[in-house]
Amino acid sequence: MKIIAINTAHSAVLVELARSIYREYYLHLWNPGGADWYMYEYAYTASKLEKELADPNNLHYIVYNNDQQPTGYLKIRINAVLEGFEDKNCLEIERIYLHKSIAGKGIGKNLMLFSEDIAKLHNKNTLFLKAMDSSADAIAFYQKLGYAICGTLTLPFPQMKEEFRGMVILRKEI
């Protein structure tokens, strides 16, 4: 496994990777047409990802397997504010996505530890992330790594099935 920092030159690879991983995990969240709207018009358009990649507050990484195939990605917001913890110096792990084919092989844990190293490099004392409240396995994974639920939110997308709009916010002090 290699973790490679990427920039706007990698936007096409990131677009395809993000969409392919999203399809593996999240299609069930949406009413008909909603997942396509989310992937192709809202979250993973080339222009949106290019803008995110160009933002100096964001760090993006692609995980490559031993065959040099992209198998996951990580997006970090260096300077982030966590509601209720404004006095903390926070870093947000905004996206951590891995293909199902590499789940359970320690790569997610490595990316989380990598994120902690990035936080330390930027003098951050708190990391946080958001997870679907219906993703019990993901929440348990984060909790095993020392993250605790500190809040909730509801996604505003009318295209999403009501029962899947809930999210939890997890944080960890380092």
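Above this text you will find the structure in question.
Just so we're clear, the structure is a prediction, and the values are computed from it rather than from any experiment.

## Remarks on the state of the cysteines
1) Next: By the definition in use, this model includes zero disulfides.
2) Next: Looking at the unpaired Cys90, the closest cysteine sulfur is the one in Cys150, lying at 8.7 Å.
3) Next: For Cys90, a relative accessible area of 1% gives the class buried.
4) Next: A relative accessible area of 28% places Cys150 in the partly exposed class.

## Comments concerning unusual backbone geometry
Negative phi characterises most residues that are not glycine, and trans characterises most peptide bonds.
1) Next: A positive phi is found at Gln68, a non-glycine position, where the angle reads about 65°.
2) Next: Residue position: Gln68 is located in the loop between β2 (58–64) and β3 (70–80).
3) Next: On the basis of relative accessibility, which here comes to 44%, the residue Gln68 falls in the partly exposed class.
4) Next: The residue Asn123 is not glycine, and still its phi comes out positive at about 55°.

Calculation notes
- Residues numbered from 1 in each chain as written.
- Predicted model: local features only at pLDDT ≥ 70, side-chain atom pairs only at ≥ 80, totals over all residues.
- Heavy atoms only, no water.
- Disulfide = S-S within 2.5 Å.
- Buried < 20%, exposed > 50% of the residue type's maximum accessible area, 1.4 Å probe, protein only.
- Helix = DSSP H or I, 4+ residues; strand = E, 2+ residues; numbered from the N terminus.

Keep in mind that these numbers describe shape and distance, not what the molecule does.
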